[in-house]
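# Structure assessment
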Amino acid sequence: MAMGRFWKGATWGAVATVVMSVLMIIGMVSGMSPMPKPIPAAIIGKLLGPGTATPLIMGLAILSHVGYGAVFGGAFALATPRVTALKGLGLGVALWLLMQVVVLPFLGWGVFGSAITPKIAVATLVLHLVYGVSYGALMDRDQPLPSAAPPSVRSTA
């Protein structure tokens, strides 16, 4: 049962990552994004070093980003008996904070993107909220809502 729940969570986590990534790509292509490059590509590029072929960087960036979203979706599904949109938002905020204080400094962009522009913090928050609400809305949508009150018991007296 637990592994089935993990894989269900991982699947919806991957789907939510794709939704988030499509919005990120639209922002990059339209010029609205404050980021100099997609963060997953920046991570892979930094890890593999200069001179790494762009198609390799982008392919690995896509795979790692979707994989990361899937793993956290699966882990979160195991950690809570019912995933809701609100809980998904909490997961999105937690992942965003992790990125702000670990990933962005690793890239040299500063905490909350402060070495480039604080707009990075806002843009990435929006993207992670999209991830969280998408994941939360999809994950347990087929589970019945818990009853607010137990069914009434009729007296036969």
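Overview of the structure. Worth saying up front: this structure is predicted, and the values here are computed from it rather than measured.

Mapping Thr 124 onto the fold places it in helix H5 (residues 119-139). The class of Thr 124 is buried, set by a relative accessible area of 2%. Within the structure, the side chain of Thr 124 is placed 2.9 Å from the side chain of Gln 100, a separation counted as a polar contact.

The tally for this structure, following the rule as stated, stands at 5 aromatic pairs. When the centroid spacing of 6.3 Å and the interplanar angle of 65 degrees are considered together, the rings of Phe 76 and Tyr 135 count as edge-to-face. In this pair, Phe 76 sits in helix H3 (residues 54-79) while Tyr 135 sits in helix H5, placing the two residues 59 residues apart along the sequence. The class for Tyr 135 is buried, based on a relative accessible area of 0%. One aromatic cluster is present, formed by Phe 76, Tyr 131 and Tyr 135 through successive ring pairs. The ring centre of Phe 106 lies 5.3 Å from the NZ or CZ of Lys 46, which sits over that ring.

This next bit is on the pattern of salt bridges. Evaluation of the coordinates by the stated rule reveals 3 salt bridges. The partner of Arg 5 in a salt bridge is Asp 140, with the nearest N and O atoms 2.8 Å apart. With Arg 5 in helix H1 (residues 2-30) and Asp 140 in the segment after H5, this pair connects stretches of sequence that are 135 residues apart. Since its relative accessible area comes to 14%, Arg 5 is described here as buried. In this structure Asp 140 comes out as buried when scored by relative accessible area, which is 1%. The partner of Asp 140 in a salt bridge is Lys 8, and the shortest N-O contact between them spans 3.6 Å. Of this pair, Asp 140 sits in the segment after H5 while Lys 8 sits in helix H1; the two residues are 132 residues apart in sequence, bridging distant segments of the chain. Connected through shared salt-bridge partners, Arg 5, Lys 8, Asp 140 and Asp 142 make up one network.

Attention now moves to the environment of Val 130. With respect to the secondary-structure elements, Val 130 resides in helix H5. In sequence terms Val 130 and Pro 40 are 90 residues apart; their C-alpha atoms lie 17 Å from each other. In this structure Val 130 touches Val 19, Met 20 and Leu 23, once residues within four positions along its chain are discounted.

The interhelical angle for the contact between H3 and helix H4 (residues 85-107), taken along N-to-C directions, is 130 degrees, at an axis separation of 12 Å. Judged by the angle between their axes, H3 and H4 are oblique. Regarding H3 and H4, the two cross each other, and that crossing is right-handed. Touching Tyr 68, Phe 72 and Phe 76 of H3 are Lys 87, Leu 91, Leu 95 and Leu 98, all from H4.

Procedures and definitions
- Residues numbered from 1 in each chain as written.
- Predicted model: local features only at pLDDT ≥ 70, side-chain atom pairs only at ≥ 80, totals over all residues.
- Heavy atoms only, no water.
- Helix = DSSP H or I, 4+ residues; strand = E, 2+ residues; numbered from the N terminus.
- Buried < 20%, exposed > 50% of the residue type's maximum accessible area, 1.4 Å probe, protein only.
- Polar contact = N/O pair within 3.5 Å; in protein donor to acceptor, adjacent residues only side chain to side chain.
- Phe/Tyr/Trp six-rings, centres within 6.5 Å; stacked < 30°, edge-to-face > 60°.
- Lys NZ or Arg CZ within 6 Å of the ring centre and 35° of its normal.
- Salt bridge = Lys/Arg side-chain N within 4 Å of Asp/Glu carboxyl O.
- Contact = heavy atoms within 4.5 Å.
- Axes fitted to C-alpha atoms, helices over the stretch in contact; angles between N-to-C directions.
- Parallel < 35°, antiparallel > 145°, perpendicular 65-115°, else oblique.
- Left-handed = near helix turned anticlockwise from the far one by under 90°.

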